[in-house]
Amino acid sequence: MRKTMKNTIFILLLLILSVSTAFLIYLHFFASNDNDLSGEWTAELDMTEQAAVTALSWLQDIEAVSISLEDMEVYMQDLTIQVNLTLEQTARSEGNFHCNILPESYDACNQAAYEAFAVAFRELVAERLRMAGYTEETDEESVEALVTETFGMPTVAYLMSCGPALLPPMEELQAQYDGSGTYEAEEGILTRQFDAGASVTTKTEGYIRKDSILILSDHYPMIYTLEQPQDQ
């Protein structure tokens, strides 16, 4: 079962990489490499696959009713966390930047992930009860009441307390994305220097801009949209 899941994840990642690569090649030839990237940009970190894989692994560990990754992804849809990036050009190809994970977006995504997980969990509980010969009602409301009675808390609260962490910790994402400093944009390469007090961390990414779309590519592409142009 785990080997099948790993193969499925590998195929999904390969397809995502192929589509992303094709998109980047298209933009490389048809997009404008404008060095003035000034503006307020936003991107969406897609947490859907990670949440689905984590939830599925936990259900398999507790030997719940068989469910596939595809089935779990039906429950886990459109789980995203917003990343804000502000770029302000101060000289030719240079400027200041500020980037952060939106905390409210993280909290909303985390809540949505567990609510979706709760739907899947209740349906699996209902299926297990029917397989065991349970003759009482197994609709969603009845199963929710049964879970609450059994664990002393609603399904969502139970999964949050005793289930897996569906999203990476907020601190981990902040360490990866949050920060401010200066940048240089030249010939499709964006170099950001994160000012962290006594130390400076440098991050180099390829970039492609086309109108209100900005793509930054380090290990995988991040697609930003222009929310508000920076005042010139």
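We now turn to the structure provided with this report. This one's a predicted model, so the numbers in the text were calculated from it and none came from an experiment. (Residues numbered from 1 in each chain as written. Predicted model: local features only at pLDDT ≥ 70, side-chain atom pairs only at ≥ 80, totals over all residues. Heavy atoms only, no water.)

### A short note on the overall build of the chain
For the record, the criterion: For helices the rule is a DSSP run of H or I covering at least 4 residues; for strands it is a run of E covering at least 2, with both sets numbered from the N terminus onward. Contact between two residues is taken to exist if any of their heavy atoms lie within 4.5 Å; hydrogens are not considered. Throughout, the Shrake-Rupley method with a 1.4 Å probe supplies accessible areas, and for residues the shown protein chains are the sole cover considered.
Secondary structure summary: the chain contains 7 helices and 8 strands in total. Across the chain, the fraction of contacts at a sequence separation of at least 24, relative to all contacts at a separation of at least 6, is 67%. When the accessible surface of the chain is split by element, carbon and sulfur atoms take 53% of a total near 13,100 Å².

### Re the sheet that holds strand β2 (residues 80–91)
Applied cut-off: DSSP-based pairing: two strands are paired if at least 2 bridges between them are found. In this analysis, axes come from line fits to C-alpha atoms, helices being fitted only over the stretch in contact, and the angle between any two N-to-C directions falls in the range 0 to 180 degrees.
One closed barrel holds the 8 strands; their spatial order is β1-β2-β3-β4-β5-β6-β7-β8, and the pairing between them is antiparallel. Averaged over all adjacent pairs, the angle separating strand axes in this sheet is 35°, with direction ignored. Where strand β7 (residues 213–217) and strand β8 (residues 221–228) come together, 5 bridges link them in antiparallel fashion. Paired with L214 across the bridge in β8 is Y224. Its contacts with the sheet put helix α7 (residues 170–177) on β1 (39–46), β2, β3 (94–101), β4 (179–186), β5 (189–196), β6 (199–210) and β8, and the angle it makes with β3 is roughly 170°.

### Side note on the packing of helix α4 (residues 103–131) against helix α5 (residues 140–151)
Selection rule: Any angle between 65 and 115 degrees counts as roughly perpendicular, while under 35 counts as roughly parallel, over 145 as roughly antiparallel, and the rest as oblique.
The geometry of α4 relative to α5 is characterised by a closest axis approach of 10 Å and an angle of 90° between their N-to-C directions. By the angle class used here, α4 and α5 are roughly perpendicular. Taking contact as the criterion, the partners of F121, R122, V125, A126 and L129 in α4 are, on α5, E140, V143, E144, L146 and V147.

### Details of the side chain of E205
Within the element layout of this structure, E205 appears in strand β6. With residues up to four places along the chain from it excluded, the contact list for E205 reads G188, I189, L190, R192, L216, S217 and D218.

### Here we look at the nonpolar core
How we decide: Nine residue types can take part in a nonpolar core, namely buried Ala, Val, Leu, Ile, Met, Phe, Trp, Tyr and Cys, and a core is a set of them joined through side-chain atoms within 4.5 Å. Exposed residues in this analysis have more than 50% of their type's maximum accessible area, buried residues have under 20%, and partly exposed residues fall in between, with area computed by a 1.4 Å probe over protein chains only.
Core analysis: the biggest nonpolar cluster contains 54 residues, and L45, M76, I81, F117 and Y224 have the highest contact counts within it. Sort the elements by how many residues they give to this core and α4 lands first, with 11 residues. Leave out the neighbours within four places in its chain, and M76 touches T48, A51, A52, A55, A113, A116, F117 and L166.

### Focus: α7
Put simply, the rule is: Directions drawn from the helix axis to the C-beta atoms are what define this arc.
Looking at α7, one finds that the buried residues are M170, L173 and Y177. Taken end-on, α7 shows its buried residues confined to a sector of 65°, consistent with a single buried face. Those residues of α7 that are exposed and angled more than 90 degrees off the buried face are E171 and A175. Within two residues after α7, G179 carries a phi angle of roughly 150°, on the positive side.

### Observations concerning the pairing of β4
Here β3 runs beside β4; their pairing, made up of 6 bridges, is antiparallel. Within β4, the residue paired with G95 across the bridge is Y183. As consecutive antiparallel partners, β4 and β5 are separated by 2 residues, and within that stretch E187 has a phi angle of approximately 50°, a positive value.

### As for α4
Using the following cut-off: Multiply 1.5 Å by the residue count of a helix minus one, and that product is the helix's expected span.
The terminal C-alpha atoms of α4, which comprises 29 residues, lie 42 Å apart, in line with the 42 Å expected from a rise of 1.5 Å per residue. At the exit of α4 stands G133, carrying a positive phi of roughly 90°.

### With respect to the pattern of salt bridges
Inclusion rule: Each reported salt bridge corresponds to a side-chain nitrogen of Lys or Arg within 4 Å of a carboxyl oxygen of Asp or Glu.
Inspection of every chain in the model, using the stated rule, returns 5 salt bridges. For the salt bridge of R192 with E205, the shortest nitrogen-to-oxygen distance reads 3.0 Å. Taken as a pair, R192 in strand β5 and E205 in strand β6 lie far apart in primary sequence, 13 residues in all. For the salt bridge of K203 with E205, the shortest nitrogen-to-oxygen distance reads 3.9 Å. The two residues K203 and E205 agree in class, both being buried.

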